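# Coordinate analysis (summary)
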Amino acid sequence: MGKIIAVANQKGGVGKTTTTSNLGASLGKLGKKVLLIDFDPQGNLTTGFLGSTKTIIKQDITDALTKEVSIKKTILKTKFDNVSVLPAASNRLAGIETQYASVNGRELLLKDILKEIKDCYDFIFIDCPPSLGLLSIQAFTAADTVMITLQSEFYALEGLSQLLNTIDQVRRRSNPQLGIEGVLITMYDARTLLGAQVIGDVRNYFYNKVYDTIIPRNIGLAEAPSHQMPIYYYDSRSKGAIAYLELAKEVLAANGN
Ligand SMILES: Nc1ncnc2c1ncn2[C@@H]1O[C@H](COP(=O)(O)OP(=O)(O)O)[C@@H](O)[C@H]1O
Ligand SMILES: [Mg+2]
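Everything in this summary refers to the structure shown in the same document. Everything quoted here is computed from the prediction, not taken from an experiment. (Residues numbered from 1 in each chain as written. Chains lettered and ligands numbered in written order. Predicted model: local features only at pLDDT ≥ 70, side-chain atom pairs only at ≥ 80, totals over all residues. Heavy atoms only, no water.)

## Focus: the overall build of the chain
Helix and strand counts for the chain come out as 12 helices and seven strands. The C-alpha radius of gyration computed for the chain amounts to 17 Å, which stays within 12% of the reference 18 Å derived for 257 residues, consistent with globular compactness. With respect to the principal axes defined by its C-alpha atoms, the chain has extents near 50 × 40 × 35 Å. Counting every position in the chain, which comprises 257 residues, the buried fraction comes to 54%. Contacts in the chain between residues far apart in sequence, at least 24 positions, make up 78% of those at least 6 positions apart. In the structure as shown, the chain presents an accessible area of about 11700 Å², 50% of it carried by carbon and sulfur atoms. One finds the centroid of the 28 positive side-chain charges in the chain at a distance of 3 Å from the centroid of its 25 negative side-chain charges. (Helix = DSSP H or I, 4+ residues; strand = E, 2+ residues; numbered from the N terminus. Rg over C-alpha atoms; globule rule 2.2 N^0.38 Å. Buried < 20%, exposed > 50% of the residue type's maximum accessible area, 1.4 Å probe, protein only. Contact = heavy atoms within 4.5 Å. Areas by Shrake-Rupley, 256 points an atom, 1.4 Å probe, with all protein chains shown as cover. Lys, Arg positive; Asp, Glu negative; His and termini not counted. Charge placed at Lys NZ, Arg CZ, Asp CG, Glu CD.)

Structural data, given as structure tokens:
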């Protein structure tokens with residue numbers, strides 16, 4: 001049975017998309033079948049896999065959500081081992097928030113369409129937008145767990161109570177089983193004292209939910225998407241590639257693999 005993990009934090013620029021792509025591709029490299037869903041209207045995940053060719057995609061996540069096209073037809077296989085992508089190739093995804101604002105059962109849209117394909121994959125990751133609106137609620141409703149990414153910076157923990165409140169709200173309304181998969185510290189700079197302090201603060205707050213693996217700030221991770229590659233394929237010996245492979249092993253171990 002496929003496990004669905006929403007990668008979330010309502011702040012932008014904290015490593016959600018980078019984690020979705022690279023953790024996903026690392027799990028694929030380790031033999032797991034993986035689907036990555038771009039659920040951010042900005043479509044950065046899609047650009048990171050498809051570059052400018054994303055403009056020629058006719059059918060994307062929005063067509064699947066509105067059930068105009070079957071979800072199976074919107075999923076694209078990539079050239080990377082065991083990795084498929086469900087693209088957000090147009091900004092129509094943003095329109096879903098208002099289009100469905102007063103429709104009953106709107107939080108179930110994503111969950112409904114994932115039923116059909118859930119068992120085709122070992123892991124399904126949802127790259128959430130930087131907000132706590134309807135799209136994130138749909139993602140949390142569809143997910144088994146939420147993975148929270150935090151940038152290693154002074155304000156890392158700020159705004160987290162809003163995220164945790166939203167998770168609680170979804171548990172009460174539509175998904176009582178929703179768990180926290182883990183908390184990942186990204187963009188860590190070992191040269192600064194601040195980094196060490198942030199790790200301490202995050203561990204005090206989330207205890208054993210924090211991954212041992214910490215993702216360093218690594219230029220390869222920022223460059224790889226412009227070459228339409230996950231870091232493992234762009235520079236497998238970089239610190240970023242090694243860290244995401246370690247994280248993949250940690251995620252597998254936590255899931256009984
Ligand atoms: N560990 C890292 N080292 C260096 N740059 C990173 C790292 N993680 C992410 N980035 C870069 O930081 C920016 C924001 O990351 P991104 O994953 O897009 O965040 P989010 O999806 O949360 O908005 C991107 O330009 C990305 O390439
Ligand atoms: Mg993103």
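## Concerning helix 1 (residues 16-29)
An ideal rise of 1.5 Å per residue puts 20 Å on 14 residues; helix 1 measures up with 20 Å between its terminal C-alpha atoms. Of the residues making up helix 1, those classed as buried are Lys16, Thr17, Thr19, Thr20, Ser21, Asn22, Leu23, Gly24, Ala25, Ser26, Leu27 and Gly28. Following helix 1 by one or two positions, Gly31 adopts a phi angle in the positive range, close to 95°. (Expected span 1.5 Å × (residues − 1).)

## A word on the pattern of salt bridges
Enumeration over the complete set of coordinates arrives at 10 salt bridges. Here Arg92 ties to Asp63 by a salt bridge, and the two come within 2.9 Å at their closest N and O atoms. Pair noted here: Arg92 is in helix 5 (residues 92-99) and Asp63 is in helix 3 (residues 61-65), with a separation of 29 residues, a long-range link. Using a relative accessible area of 7% as the deciding quantity, one classes Asp63 as buried. Between Lys118 and Asp144 there is a salt bridge; the shortest N-O distance is 3.5 Å. Taken together, the positions of Lys118 in the loop between helix 6 (109-114) and strand 5 (123-127) and Asp144 in the loop between helix 7 (134-142) and strand 6 (145-151) put the pair 26 residues apart, joining distant regions of the chain. One salt-bridge network, in which partners are shared between bridges, spans Asp60, Asp63 and Arg92. (Salt bridge = Lys/Arg side-chain N within 4 Å of Asp/Glu carboxyl O.)

## Digging into unusual backbone geometry
Positioned with a positive phi, Lys67 is a non-glycine residue whose angle comes to about 65°. Residue Lys67 is classed as exposed on the basis of its relative accessible area of 55%. Despite not being glycine, Asn82 has its phi angle at roughly 65°, a positive value. Residue placement: Asn82 occurs in the loop between strand 3 (76-77) and strand 4 (83-86).

## Comments concerning a nonpolar patch on the surface
A cluster of nonpolar residues, Phe154, Tyr155 and Leu194, forms a patch on the protein surface that exposes about 330 Å² of accessible area. Residue placement: Phe154 occurs in the loop between strand 6 and helix 8 (160-173). Residue classification places Phe154 among the exposed positions, given a relative accessible area of 58%. (Patch = residues over 30% accessible without salt bridge, like charges linked within 9 Å, V, L, I, M, F, W, Y side chains within 5 Å.)

## Details of the pairing of strand 4
Neither face of strand 4 is open: one carries Val83 and Val85, the other Ser84 and Leu86, and all of them are buried. Of the pairings in the sheet, the one linking strand 2 (residues 34-38) to strand 4 comprises four bridges and is parallel in character. Residue Leu36 lies in a different strand from strand 4, and its bridge partner there is Val85. Where strand 3 folds back on strand 4, the antiparallel hairpin that results is connected by five residues, among which Asn82 adopts a positive phi of roughly 65°. (Pairing = 2+ DSSP bridges.)

## Section: the sheet that holds strand 1 (residues 3-8)
One open sheet holds the seven strands; their spatial order is 3-4-2-5-1-6-7, and the pairing between them is mixed. Of all strands in the sheet, those bounded by a partner on one side alone are strand 3 and strand 7 (179-186). Bridge count between strand 1 and strand 6: four bridges; the pairing is parallel. The residue of strand 6 that forms the bridge with Ala8 is Ile148. Where helix 7 meets the sheet, it contacts strand 1, strand 5 and strand 6, and its direction lies at approximately 150° from that of strand 1. Sitting on the sheet, helix 8 touches strand 1, strand 6 and strand 7, and the angle it makes with strand 6 is about 175°. (Axes fitted to C-alpha atoms, helices over the stretch in contact; angles between N-to-C directions.)

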